[in-house]
2 protein chains.
Amino acid sequence: MRRIDTIEPFRVMELLEAAQQLEAAGKSIIHMEIGEPDFPTPIEVISQAQSDLAQRSLSYTASTGLPALQQALSAWYKTEYDVDVAPHRILITPGTSGAFSLIYAVLLEAGESVLLPDPGYPCQRNFIRLAGADPINVPVTADSRYHLNADLIDTYWRPSTQAAVLINPSNPTGTVVDINFIKTLAEACEQHGGTLISDEIYHGLTYGIKAPSALQVSDDVIVVNGFSKRWAMTGWRLGWVVVPEALVEPCRRVMQNIFIAAPTLSQYAGVKALQLNEPLEVMRKAYDERRRYLLAELPKLGFEITVEPEGAFYIYANVAKLTNDSTSFCWDVLKQVGVAITPGADFGVNQPHLHVRFSYATGLQQLKEAVRRLKKYLTAT
Amino acid sequence: MRRIDTIEPFRVMELLEAAQQLEAAGKSIIHMEIGEPDFPTPIEVISQAQSDLAQRSLSYTASTGLPALQQALSAWYKTEYDVDVAPHRILITPGTSGAFSLIYAVLLEAGESVLLPDPGYPCQRNFIRLAGADPINVPVTADSRYHLNADLIDTYWRPSTQAAVLINPSNPTGTVVDINFIKTLAEACEQHGGTLISDEIYHGLTYGIKAPSALQVSDDVIVVNGFSKRWAMTGWRLGWVVVPEALVEPCRRVMQNIFIAAPTLSQYAGVKALQLNEPLEVMRKAYDERRRYLLAELPKLGFEITVEPEGAFYIYANVAKLTNDSTSFCWDVLKQVGVAITPGADFGVNQPHLHVRFSYATGLQQLKEAVRRLKKYLTAT
């Protein structure tokens, strides 16, 4: 089989497209499938960008990023996590997608492998395959809050394995792990001579607790983050990756070639975004209100939530009481009552047929209507 | 050797950084090393973007691009080249860099290969290596206007070869080939069961002639283009690739995973940019004036130009009369008289020590000063 044939579509996009077609045909759809904030980019960022358009050069920045943004992020790491990260270790990428392309190009050789939590963010598997390497899906359960733990790393690590991935808060489960847990992961990777990769894109979107950065436990981890979620800046395509000192130079070589640089206007906007507090807190509180609403209502409908999600904007529910085919269930719910939710199949091969993911990046009134519709659907069937 | 160790730095960036350090230390530098327009983005595009920032959603577009931009490009292909290209075959990418990452991910398997003209755009080799495949540097000369021709394709094609690359106008030589020439290339690739990839990023920047698109000879070629050069929009990171019908679906799967989408604001800006004519013509005429000046002056200094460059903003000169080590020569010229030019080593292994590339993406007065300085340097040494 050729590599291209191993690259799976991002299934939620197909469901999204079907939902959009139904909408275009006049049907009311509630979008709980999308992993994208429903909030607009903060007005402070928009205004700054309008001014920058008139006043700044929009030519290429340095390949590794605008120095002012690297410095602002370094200061942000000090304020946010009380860690010292040298600006040159913070590499600015076109979204976190760019960050993953970059680090797997640098870390992996054909035939090598990376440990991933299953269920987990679907694109991870494909980034690794595109680098010519193999994703190893490690089934995770409520026992480890749906994350890899040190035992799983020891069990699944192969001689070919180069890294293990933590997505904290998790997509799709929203579960968060603490600093001691992360320390055991970093140590387990180090013992095997590999690297812990911590995807921290949902940091700042946590409720009642704060997610620690893997940089708080080691400088030898790789941390990926970006402006898409917490700052509601998806279409700006701006992310970053913090790498160990030894990887700065190889990353720079790859970045010069594959990106030239991240979008210039977005990089200036990122500097502004890091200065914001209150606008982010408004969004976080809205997500939390929606989360609490769904955590109260979904179990009444038969959706089982085994571990309380404390971060991101997702709820991963077991649907064993309702169906043994979550994909057909999701498509049927979409067609019958116009509620779009994502089947487990997008997130791996660990009991996908018994799970669905709800996104609450949708307004509370819409969510209330979705619960009404789901109730109607489940009563009728 | 690990793959990452095969990825060469983009050497011109190192020379650029040294030049910038000299400037920071107070030295006057004339930049003839950079392959980036010295013109700002047209004001019409800036104004539109300011308005779009206030009025448009800046969330993700479809993975393959904003439909309005795909449609505008389809109309542009009809107007510009009189070819019919269905909008869904035009995939919008983060710069042409993104386009090359995409097509090599889709076309290539580990151990396969691609034929490249040498001298040629340096990043091409690295994109192919990052896909796990091998770039085959085919030495090209003035005899084929520094392009691959059908004979070279027949000679260098291996069983593992999947594609051959045309960069028309060429970087670094600025030479242009006509439609009959392109036809022979497409046929040669087809006979070997492979694909012609035509890099058309310098289209519109031609002088006295027009460069034809490979789409005028076949729908089975891959054409890469973007807004960086002709529209002076480098930092916007916006490109596109036209692919044969059969590649649309595999490309879409890869795009969903590795980009999610190109920057949203840039895509709206692209729609506006395609409506411009006069602002582009002003830039083109300025480049042509500079080109004619350098073509008159450089030979007097001992720089030999074997084929007149008719496109892009580069002149590739033989320096055999001046040095047998173009890299030392370029660094010495930079340090002694503050003129930054690119040594041949960036463009391949075909007599790089006897060549340098001049970029004329620098104002005419600056170029006149550069010629004075070069004369001084060459008289003194």
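Residues numbered from 1 in each chain as written. Chains lettered and ligands numbered in written order. Predicted model: local features only at pLDDT ≥ 70, side-chain atom pairs only at ≥ 80, totals over all residues.

### What to know about the overall build of chain A
Part 1 of the reasoning: The helix and strand inventory of chain A stands at 13 helices and twelve strands.
Part 2 of the reasoning: Summarising its shape, the C-alpha atoms of chain A cover approximately 60 × 55 × 40 Å along the three principal directions.
Part 3 of the reasoning: Split into buried and exposed, the 381 residues of chain A put 56% on the buried side.
Part 4 of the reasoning: Of all intrachain contacts in chain A linking residues separated by at least 6 positions in sequence, the fraction that spans at least 24 positions is 73%. (Helix = DSSP H or I, 4+ residues; strand = E, 2+ residues; numbered from the N terminus. Buried ≥ 20, exposed ≤ 12 C-beta atoms within 10 Å, placed from the backbone. Contact = placed C-beta atoms within 7 Å.)

### Description of the pairing of strand β2 (residues 90-93) of chain A
Residue and element names in this part refer to chain A.
Part 1 of the reasoning: Burial along β2 is two-sided: I90 and I92 facing one way and L91 and T93 facing the other are all buried.
Part 2 of the reasoning: Pairing geometry for β2 and strand β8 (residues 239-242), over four bridges, is antiparallel. Looking at the pairing, I92 lines up with W240 of β8. (Pairing = 2+ DSSP bridges.)

### A word on the pairing of strand β5 (residues 161-167) of chain A
Residue and element names in this part refer to chain A.
Part 1 of the reasoning: Within β5, seven of the seven residues are buried, leaving the element largely enclosed by the surrounding structure.
Part 2 of the reasoning: Two elements, strand β3 (residues 113-118) and β5, share three bridges in a ladder whose sense is parallel. Bridging across to β5, V114 finds its partner in A163.
Part 3 of the reasoning: Sheet topology note: the β5/strand β6 (residues 195-199) ladder contains five bridges and is parallel. Directly across from A163, in β6, lies its bridge partner T195.
Part 4 of the reasoning: The handedness of the β5 to β6 crossover, carried by helix α8 (residues 179-191), is right-handed. (Right-handed = clockwise from strand over helix to strand, strands pointing away.)

### Points about the interface of chain A and chain B
Part 1 of the reasoning: With 48 residues of chain A at the interface, the matching set in chain B holds 48 residues.
Part 2 of the reasoning: At the level of secondary structure, the elements contributing two or more residues to the side of chain A that touches chain B comprise α1 (3-6), α3 (43-55), α5 (95-107), α6 (122-130), α9 (245-258) and α10 (264-273) of chain A.
Part 3 of the reasoning: Residue contributions to the side of chain A that touches chain B peak at six residues, all from α9(A).
Part 4 of the reasoning: Of the residues in the side of chain A that touches chain B, the class split is 26 nonpolar, 16 polar and six charged. (Nonpolar A, V, L, I, M, F, W, Y, C, P; charged D, E, K, R; others polar.)

### As for the nonpolar core
Part 1 of the reasoning: By size, the foremost hydrophobic cluster in this structure holds 246 residues, and its most contacted members are A:V241 and B:V241.
Part 2 of the reasoning: Sequence-distant contacts of A:V241, defined by excluding residues within four places in its chain, comprise A:L91, A:T93, A:A99, A:L102, A:I103, A:I222, A:V223 and A:V224. (Core = buried A, V, L, I, M, F, W, Y, C linked by C-beta atoms within 7 Å.)

### A few points about the relation of the copies chain A and chain B
Part 1 of the reasoning: Screw-axis analysis of chain A against chain B gives a translation of 0.0 Å along the axis, an RMSD of 0.0 Å, and a rotation angle of 180°. What the superposition gives is, in effect, a two-fold axis relating one chain to the other. Residue A:Q50, judged by its C-alpha, is the member of chain A lying nearest the rotation axis, at 2.5 Å.
Part 2 of the reasoning: Interface residue correspondence from chain A to chain B reaches 100%, placing this contact among same-surface, isologous pairings. (Least-squares fit on C-alpha atoms with pLDDT ≥ 70 in both.)

### Focus: the sheet that holds strand β9 (residues 314-318) of chain B
Note on sheets: strands pair through backbone hydrogen bonds, and any given pair is parallel or antiparallel.
Part 1 of the reasoning: Pairing is antiparallel in the open sheet, where three strands are placed in the order β9-β12-β11 (chain B). Edge positions in the open sheet fall to β9 and β11 (342-343) of chain B, since each of these has one partner strand only.

### Observations regarding the confidence of the model for chain A
Atomic detail in the predicted coordinates should be set aside for any region of low pLDDT.
Part 1 of the reasoning: Per-residue confidence for chain A gives a mean pLDDT of 95; residues scoring 70 or more make up 100%.
Part 2 of the reasoning: For this predicted complex, the interface score ipTM comes out at 0.95, alongside a pTM of 0.96. (pLDDT = per-residue confidence, 0-100.)

### Description of the domain arrangement of chain A
Residue and element names in this part refer to chain A.
Part 1 of the reasoning: Domain boundaries in chain A define domain 1 (3-41 + 278-380) and domain 2 (57-273).
Part 2 of the reasoning: For domain 1 versus domain 2, the separation of C-alpha centres amounts to 25 Å.
Part 3 of the reasoning: With 35 residues of domain 1 at the interface, the matching set in domain 2 holds 35 residues.
Part 4 of the reasoning: Those elements that provide at least two residues to the side of domain 1 that touches domain 2 are α1, α11 (278-301), β9 (314-318) and β12 (355-359). (Domains from an automatic or database assignment.)

### Focus: helix α4 (residues 67-81) of chain A
All names here are of chain A.
Part 1 of the reasoning: For α4, with 15 residues, the first-to-last C-alpha span of 21 Å sits near the 21 Å given by 1.5 Å per residue.
Part 2 of the reasoning: Taken together, the buried positions of α4 are L69, Q70, L73 and Y77. Axial view of α4: buried residues confined to an arc of 100°, hence all on one face. Facing away from the buried side of α4, by more than 90 degrees, are the exposed residues K78 and T79.
Part 3 of the reasoning: Positive backbone phi, approximately 55°, marks D82, located one or two places after α4. (Expected span 1.5 Å × (residues − 1). Arc of directions from axis to C-beta.)

### What about the sheet that holds β9(A)?
Residues and elements named next belong to chain A.
Part 1 of the reasoning: Judged by pairing direction, the sheet is antiparallel, and its three strands sit side by side in the order β9-β12-β11 without closing on themselves. Since the sheet does not close on itself, it has two edges, and those belong to β9 and β11 (342-343), each with one partner.
Part 2 of the reasoning: Bridging between β11 and β12 involves two bridges; their strand directions are antiparallel. Pairing of T342 across the sheet is with R357, part of β12.

### Digging into unusual backbone geometry
Part 1 of the reasoning: Cis peptide bonds are those with omega within 30 degrees of zero, and the linkage from B:N168 to B:P169 qualifies with 0°.
Part 2 of the reasoning: Residue placement: B:P169 occurs in the loop between β5 (161-167) and α8 (179-191).
Part 3 of the reasoning: Here the residue pair B:N171 and B:P172 is connected by a cis peptide bond, since its omega of 20° sits within 30 degrees of zero.
Part 4 of the reasoning: Summarising the element assignment, B:P172 is placed in the loop between β5 and α8.
Part 5 of the reasoning: If you check the backbone angles, A:R237 has positive phi at about 50° while not being a glycine.
Part 6 of the reasoning: Mapped onto the fold, A:R237 is located in the loop between β7 (222-226) and β8.
Part 7 of the reasoning: With a phi close to 55°, B:Q351 is a non-glycine residue in the positive phi region.
Part 8 of the reasoning: For B:Q351, a count of 15 C-beta atoms within 10 Å corresponds to the partly exposed category.

### Thoughts on the environment of A:L322
Residues and elements named next belong to chain A.
Part 1 of the reasoning: By secondary structure assignment, the location of L322 is in the loop between β9 and α12 (326-337).
Part 2 of the reasoning: The buried category is assigned to L322, around which 20 C-beta atoms lie within 10 Å.
Part 3 of the reasoning: Between the C-alpha atom of L322 and that of F303, which follows or precedes it by 19 residues, the distance is 7.7 Å.
Part 4 of the reasoning: Here L322 is in contact with G302, F329 and L378, once residues within four sequence places are set aside.

### Some points on the packing of α12(A) against helix α13 (residues 364-380) of chain A
Residues and elements named next belong to chain A.
Part 1 of the reasoning: Across the interface, α12 lies against α13 with an axial gap of 10 Å and an inter-helix angle of 105°. Between α12 and α13, the angle falls in the class roughly perpendicular. Seen from α12, the contacting residues are V333, Q336 and V337; seen from α13, they are R373, L374, K376 and Y377.
Part 2 of the reasoning: For the contact of α12 with α13, the class distribution of residues is four nonpolar, one polar and two charged. (Axes fitted to C-alpha atoms, helices over the stretch in contact; angles between N-to-C directions. Parallel < 35°, antiparallel > 145°, perpendicular 65-115°, else oblique.)

### Thoughts on the packing of α3(A) against α10(A)
All names here are of chain A.
Part 1 of the reasoning: Two numbers describe how α3 lies on α10: the axes approach to 9 Å, and their chain directions differ by 135°. By the angle between their axes, α3 is oblique relative to α10. Crossing angle aside, the handedness with which α3 passes α10 is right-handed. The segment α3 lies against α10, with E44, V45, Q48, A49, D52 and L53 engaging L265, Y268, A269, K272 and A273.
Part 2 of the reasoning: For the contact of α3 with α10, the residue count by class is seven nonpolar, one polar and three charged. (Left-handed = near helix turned anticlockwise from the far one by under 90°.)

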